[in-house]
Amino acid sequence: MKTPLSALTLLALSAAASSAAVVWQVGIDNNTQFHVPGPNAGTGGGLQANFIQELGGTNALPGNPANTGGTGGGRDIDDDYYFAGVYSTVLDGSGYSPVGPVAANEENVERAHTGSDPELRFHFNLPTAIGPDLGMRVQFDYYTMDTNGLAASDPSLFWDVEVLFNGVSVGTFDVSRTYIDGVLNPGLSELITAPFTLSDVGAVTGPGNDNYVTLRATNVGSNSRWMSLDYVSLTIPEPSRAVFLLMGALSAACFIRRRR
């Protein structure tokens, strides 16, 4: 019997000396919403999450960590995606009731922003190996945007995206259709926030703490009706000793779970 990965083993954490360590990631950077191919494709959430069409409206926190996905009018999905963990403590100062234990990564994630359903939220417990001064950043990308019958180069095709961590803004981005088309070509990078620390965003490490990242998009003044996510991740950019300690902690946790 497989043991579900906890928030401490959301990924078999990978890093190169010159790149970021990944704390968690939903989807993969492949300019599509297909999951990783292979015998376990579409299972396990995270990199393997199934992208599901939104239902057309927003929902209040905390959302449902057990959405079943599906297609058509009977599909079941909301704005909130959950990694395996324990969610008992609210950190954003609001009064919602957290969902409690989540035994496994949610299999399904809402796939896009729309004018009536603008938010995507991602919930997780943070590893205790992340120190108070260790910078984090949110990295993400989109792979397509509705043109509403206009030429892709039309300047009225854009979305404004704000990134929030526990309700605290950590970056804003203007995303045009021409930007998305450019990302499909070599040489252009993803959208990345400036580094921020635990104290900057009221984050708390360890189980129980409901940390979450929000991607909030608006299309006011735009003719585009929707924009689809490619992937989103939380990374640690500094190739420091602390990053390597974090890598070691997550790798060890993953090895222990496999041994079990």
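We now turn to the structure provided with this report. (Residues numbered from 1 in each chain as written. Predicted model: local features only at pLDDT ≥ 70, side-chain atom pairs only at ≥ 80, totals over all residues. Heavy atoms only, no water.)

## So, the overall build of the chain
Working step 1: Secondary structure summary: the chain contains 3 helices and 14 strands in total.
Working step 2: Here the chain has roughly 11300 Å² of accessible surface; of this, 55% comes from carbon and sulfur atoms. (Helix = DSSP H or I, 4+ residues; strand = E, 2+ residues; numbered from the N terminus. Areas by Shrake-Rupley, 256 points an atom, 1.4 Å probe, with all protein chains shown as cover.)

## Description of the packing of aromatic side chains
Working step 1: Throughout the structure, instances matching the rule amount to 10 aromatic pairs.
Working step 2: Ring pairs connect the aromatic residues Trp24, Tyr81, Phe83, Phe122, Phe124, Phe165 and Phe196, which therefore count as one cluster. (Phe/Tyr/Trp six-rings, centres within 6.5 Å; stacked < 30°, edge-to-face > 60°.)

## Thoughts on unusual backbone geometry
Working step 1: Of note, the amide linkage connecting Leu61 to Pro62 takes the cis form, showing an omega dihedral of 10 degrees.
Working step 2: Structurally, Pro62 can be placed in the loop between strand 2 (50-52) and strand 3 (80-82).
Working step 3: Its identity as a non-glycine residue notwithstanding, Asn148 has a phi of 55 degrees, on the positive side.
Working step 4: Mapped onto the elements, Asn148 comes out in the loop between strand 9 (137-145) and strand 10 (158-165).

## Concerning the pattern of salt bridges
One side chain can pair with another of opposite charge once the charged atoms of both are near each other.
Working step 1: The tally for this structure, following the rule as stated, stands at 5 salt bridges.
Working step 2: Two residues, Arg121 and Asp80, come together in a salt bridge whose shortest N-O distance is 2.7 Å. Within this pair, whereas Arg121 is found in strand 8 (residues 119-124), its partner Asp80 is found in strand 3, the two being separated by 41 residues in sequence.
Working step 3: Relative accessible area serves as the criterion here: at 5%, Arg121 is assigned to the buried category.
Working step 4: The salt bridge partner of Asp181 is Arg177, with a shortest N-O separation of 3.1 Å. Residue Asp181 and its partner Arg177 are located together in helix 1 (residues 177-183), separated by 4 residues, close to a single helical turn.
Working step 5: Accessibility expressed as a relative area gives 27% for Asp181, which makes it partly exposed.
Working step 6: Judged by relative accessible area, which is 16%, Arg177 ranks as buried.
Working step 7: Taken together, the salt bridges that share partners define one network made up of Asp80, Glu119, Arg121 and Arg216. (Salt bridge = Lys/Arg side-chain N within 4 Å of Asp/Glu carboxyl O. Buried < 20%, exposed > 50% of the residue type's maximum accessible area, 1.4 Å probe, protein only.)

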